[in-house]
Amino acid sequence: MTLELGTARVVTDPLLTARLFHLRRALPEPADRATEADLLLVSHLHHDHLHVPSLRRFDAAVPLVVPRGAPARVRGLVGREVVEVEPGETVELAGVRVEVLAATHDGSRDKLRGRDGAPPALGFRIDDGTTSVWYPGDTGVRADFADVAPVDLAAVPIGGWGPTLGEEHLDPEQAADAVRAVGARWALAVHYGTYWPMGLRRLHPANHRRLFVTPPQRFHRALAERCPRATALTPAAGERLVLGGPGGPGGPGGPGGPGGLAGDA
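Small disclaimer: the values here were computed from a predicted structure and weren't measured.

Quick look at the nonpolar core
In this structure, Ile126 and Leu153 are the most contacted members of the largest nonpolar core, which totals 29 residues. Leu153 has contacts with Leu3, Ser132, Val133, Trp134, Ala184, Trp186, Ala187, Leu188, Leu233, Leu243 and Leu261, leaving out every residue within four places of it along the chain.

What to know about the sheet that holds strand E14 (residues 195-197)
Pairing within the open sheet is antiparallel, and its three strands lie in the order E3-E4-E14. With partners counted over all chains shown, the strands left at the sheet margins are strand E3 (19-20) and E14, one partner each. Strand direction decides the pairing type here: E3 and strand E4 (residues 23-25), joined by two bridges, are antiparallel. Along E4, the bridge assignment pairs Leu20 with Leu23.

Examining the sheet that holds strand E10 (residues 122-127)
The seven strands are arranged E8-E9-E10-E11-E12-E13-E15 in an open sheet whose pairing can be described as mixed. Looking at strand neighbours, the two that pair on one side only are strand E8 (90-93) and strand E15 (231-233), the edges of this open sheet. Taking each pair of neighbouring strands and ignoring which way they run, the sheet shows an average axis angle of 20°. Where E8 meets strand E9 (residues 96-102), four bridges bridge the pair, whose relative direction is antiparallel. Of the residues in E9, the one forming a bridge with Glu92 is Arg97. In the packing of helix H3 (residues 172-182) onto the sheet, contacts are made with strand E11 (132-135), strand E12 (151-157) and strand E13 (184-190), and the angle to E12 comes to roughly 155°. Of the strands in this sheet, E12, E13 and E15 touch helix H6 (residues 215-226), which is tilted by about 170° from E15.

About the thresholds
Residues numbered from 1 in each chain as written. Predicted model: local features only at pLDDT ≥ 70, side-chain atom pairs only at ≥ 80, totals over all residues. Heavy atoms only, no water. Core = buried A, V, L, I, M, F, W, Y, C linked by side-chain atoms within 4.5 Å. Buried < 20%, exposed > 50% of the residue type's maximum accessible area, 1.4 Å probe, protein only. Contact = heavy atoms within 4.5 Å. Pairing = 2+ DSSP bridges. Helix = DSSP H or I, 4+ residues; strand = E, 2+ residues; numbered from the N terminus. Axes fitted to C-alpha atoms, helices over the stretch in contact; angles between N-to-C directions.

This is the structure:
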């Protein structure tokens, strides 16, 4: 996704390819503007989050924030402005403040999976002094969600590419609980329905429906029940939302003014 906080465009975990191994993109190809950014954030080293060919489509001068130790394991990062971070650190780049959070996820890569000292999976809290966003990355349920300072927007994963989610991802109901724990005005559902494993619909029809068809409806229902103060957002691929603008999802306010937040799905 692309988040616009004031004048800063922050892109998270860009994956801009039609196919990745056994996964096929089921949604329209991203528009050219998807590669316009002032800051890139990568939460962990899995190929569907740190995808070197996608990163190469961005200007090499755009700062790239990655888990500490990533450049030693991913040769394709050489030549970029790379900022290595770990949970507990805070960096200020491109006019925004990025607080680095811990995530419960095996975010290592290939043969390094599970090895001691592998780069950690990360979450992020981002703010420009006026507007704030929480993006936990891929993670299971964590007790310290409640320790994250309240935000305007929580961008929470609600699914995955299957055939199961396991304990290191959030389902729609767990995502709604996470939004309630953090406190947010808006809740944007991410990480679902974009890439489909070949054969999943035929081999696992029940899982296909649970992971690719019903998550948006389940998220809206769960958020209404568990955190009614937050507005659930499930935009179409490529749709741009301006939050806080007249007639927009957030009610009165001014696009581009104080408290303004926009972004592309």
